[in-house]
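Here's the letter readout for the chains.
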Amino acid sequence: MSSTKRTSPVSESETHFTTAQHPDYPGKGTVEDPFIVDWLENDPEDPRQWTKYRRWLLTLQLSFSTWNLSFASSSYSGGLGFMTSQLHTTRTLADLGISLYVLGFGVGLVINKAYHIDRIVFMCSYTTYLFFHLGGALATNIQTIVVCRLLGGIAGSAPLSNAGAQVTDMWHPRERAMAVTFYSLGTFLGPISGPIIGGFVSQSTGNGWRIVFWIMFGLSALVAITSFFFLAETYPPVLLRRRAWNLQKTSGGRLYYVSIHDRLKQTSLRDLLMSNLKRPFVFLFTEPIVTLIALYISVAYATLYAQFVAFPIVFEQHRRFSPGDTGLAFLGIALGQWIALATTPLQNSLYRKAMEKGGGTAVPEARLYVAVVGGIALPLSMFWFAWTSAPAIPAIVPILSGIPFGLGTILIMTTFVAFLMDAYPLYCASALAANVLVRSVFAAAFPLFSPAMFQGLGDAWGSSVFAFVSLVCVPIPILFMKYGRWLRSKSYYALQTPAHPSPPPSPTIHSQERNRNREWAEK
């Protein structure tokens, strides 16, 4: 098969194929024994064989769409004081706009998992999402704003449901670390940039908080436009199914083709939808790996959202910062996140060494070395912030505590997401969906009880509660590094790796991908 790039599932060179000309497609082309369509060697339509430019373009597009969703979750917080005053409402009710928006991610995820999110579904949902920002910009009461925030979170959840899986589809494990880091950075950098922009814009004019909604609308429109041009299907079962259908159509119906993923999985549409809908919950309650990782990432993610309540209390109320200056206090966290990004070459180096040791392959647990560092940095940063938050201590001291906080959250997020991608290669969308569901619930809850907790316990002990919770999670990556292979061996869905792998003689990427597809199909 030529490695010349093709621009459609069936190139002109394939239109004259006969049974004898399909040595790479096993089968006879009959109803009883159809050709089994799988990726060919150096197949240009395999997302992992796309050019690096195309893969990075789509990865950055996915990161941008995820960043935009996260930005909208937190930029709202910058104008809460002005919004509360103008709409004659309470701060507690206004805070619901943060919690319900993030909760909408979880609700939308449950809806989205019932079916595969293709380009059309994504465009329709995201277009709907951007118009809910208009509801916030034009609202005359807090009830309208809160409802629009909830519905906006539901409609905009498509990138969170599918983007991580698309990264997995495009990048081979040995080159995935940088892509996962950029994708995850969008998830955490968005909430940090939101209060900075939202704070300064809100205080710039009397209706500044409404301008923040218009900014959300403009950014969402930009995501929708760029997605129209750059978003592409990456899911191998869908792409191979399309190829099989086009090959059969090209043959005039004389030859029969079936995707390797469909060969052993003849299920009805209803059963397929129910399976997709249930699997994240099945993973959450039956896969200890998924459960513990979901809880750990949720603690880190929700603690970040709790800071949207803690920072205004510590800096705005007690130190008399302006909303814009309070937003600048998040720069410490942003700096820590960029430092985490700079560690990506180190992560790649550790993973390559694990591949060399494993004879060309590495176990998923090889992703977790730097997660141990992130796990230590997170509680350290929260204790630092807690006991330096008093007004008598210079403001720069608690602001600098954000550096290990940003470092820890990103290292935890990126390494565990990469670990899930490796441990559940076919079902990573479901594993990541379970993670998004739990973290959305946590992130919605933490900002609601945080004000009362800070009022009752004080700034120091209130922040210490989050520090103690993250401290409990520190052993999780260490336990996975020691017992992860054993846990995966007990799972029906996880990748199985032998205790002492012996590498096959000079395996090619193609042969590895073919084996991967066959293993998935048999599941």
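Nothing here was measured: the structure is a model prediction, and the numbers come from that model.

Rules used in this analysis
- Residues numbered from 1 in each chain as written.
- Predicted model: local features only at pLDDT ≥ 70, side-chain atom pairs only at ≥ 80, totals over all residues.
- Heavy atoms only, no water.
- Helix = DSSP H or I, 4+ residues; strand = E, 2+ residues; numbered from the N terminus.
- Contact = heavy atoms within 4.5 Å.
- Areas by Shrake-Rupley, 256 points an atom, 1.4 Å probe, with all protein chains shown as cover.
- Buried < 20%, exposed > 50% of the residue type's maximum accessible area, 1.4 Å probe, protein only.
- Axes fitted to C-alpha atoms, helices over the stretch in contact; angles between N-to-C directions.
- Parallel < 35°, antiparallel > 145°, perpendicular 65-115°, else oblique.
- Left-handed = near helix turned anticlockwise from the far one by under 90°.
- Nonpolar A, V, L, I, M, F, W, Y, C, P; charged D, E, K, R; others polar.
- Phe/Tyr/Trp six-rings, centres within 6.5 Å; stacked < 30°, edge-to-face > 60°.
- Lys NZ or Arg CZ within 6 Å of the ring centre and 35° of its normal.
- Salt bridge = Lys/Arg side-chain N within 4 Å of Asp/Glu carboxyl O.
- Core = buried A, V, L, I, M, F, W, Y, C linked by side-chain atoms within 4.5 Å.

Participant: Would you explain the overall build of the protein chain in this entry?
Facilitator: Helix and strand counts for the protein chain stand at 21 helices and two strands. A separation threshold of at least 6 residues defines the contact pool for the protein chain, and within that pool the share at least 24 residues apart is 81%. Per element, the accessible surface of the protein chain, about 21200 Å² overall, is 67% carbon and sulfur.

Participant: Before we go on, may I ask you to explain the environment of Thr144 in this structure?
Facilitator: Relative to the assigned elements, Thr144 resides in helix α5 (residues 142–155). The class of Thr144 is partly exposed, set by a relative accessible area of 31%.

Participant: I would appreciate a short explanation of the packing of helix α4 (residues 119–138) against helix α8 (residues 208–230) in the present structure.
Facilitator: Geometrically, a packed helix pair is captured by the angle between its two axes and the distance between the axes. Two numbers describe how α4 lies on α8: the axes approach to 8 Å, and their chain directions differ by 165°. Taken together, the axis directions place α4 and α8 in an arrangement best described as roughly antiparallel. When you trace α4 past α8, the crossing you get is left-handed. By residue class, the composition of the contact of α4 with α8 is 19 nonpolar, four polar and two charged.

Participant: Before we go on, may I ask you to explain the packing of aromatic side chains in this structure?
Facilitator: Where two aromatic rings form a pair, the distance of their centres and the angle of their planes describe that pair. Taken as a whole and judged by the stated rule, the model has 33 aromatic pairs. Summarising the aromatic geometry, the rings of Trp67 and Phe71 are spaced 5.0 Å apart at their centres and angled 20° between planes, so their arrangement reads as stacked. One end of the pair, Trp67, and the other, Phe71, are both in helix α1 (residues 52–75), four residues apart, so they sit about a helical turn from each other. Its relative accessible area of 19% is what places Trp67 among the buried residues. For Phe71, a relative accessible area of 1% corresponds to the buried category. In textbook terms, an aromatic cluster arises when at least three aromatic residues are bridged by ring pairs, as seen for Tyr301, Tyr305, Phe308, Phe311, Phe315, Phe321, Phe330 and Phe385. Above the face of the Trp50 ring, Arg54 is positioned so that its terminal group lies 3.7 Å from the ring centre. Over the face of the ring belonging to Trp171 we find Arg55, whose NZ or CZ atom lies 4.5 Å from the ring centre.

Participant: Can you help me understand the pattern of salt bridges in this one?
Facilitator: In total, this model carries seven salt bridges according to the counting rule given. With a shortest N-O distance of 2.9 Å, Glu175 and Arg55 are connected by a salt bridge. Of this pair, Glu175 sits in the loop between α6 (158–170) and α7 (177–204) while Arg55 sits in helix α1, placing them 120 residues apart in sequence. Residue class for Glu175 comes out partly exposed when judged on its relative accessible area of 24%. For Arg55, a relative accessible area of 5% puts it in the buried group. Between Asp422 and Arg367 there is a salt bridge; the shortest N-O distance is 2.7 Å.

Participant: I'm lost on the nonpolar core in this one. Help?
Facilitator: When a protein is soluble and globular, its nonpolar side chains tend to lie buried together. The biggest cluster of nonpolar side chains holds 121 residues, and the ones touching the most others in it are Tyr76, Met83, Ile145, Phe416 and Tyr424. In terms of residue count, the dominant contributor to this core is helix α12 (residues 288–317) (20 residues). Here Tyr424 is in contact with Phe283, Glu287, Ile289, Val290, Ala431, Ser491, Tyr493 and Ala494, once residues within four sequence places are set aside. Judged by nonpolar contacts, the second largest core, of 14 residues, contains Tyr25, Ile36, Trp39 and Val258.

Participant: What exactly am I supposed to notice about the packing of α12 against helix α18 (residues 402–423) here?
Facilitator: At a closest axis distance of 10 Å, the pairing of α12 and α18 adopts a crossing angle of 150°. Considering their axes alone, α12 and α18 lie roughly antiparallel with respect to each other. Two packed elements cross with a definite hand, and for α12 against α18 that hand is left-handed. Residue-level contacts link Ile289, Val290, Ile293, Tyr296, Ile297, Ala300, Thr303, Leu304 and Gln307 of α12 to Phe405, Thr409, Ile412, Met413, Phe416, Val417, Phe419 and Leu420 of α18. Here the contact of α12 with α18 is built from residues that sort into 14 nonpolar, three polar and no charged.

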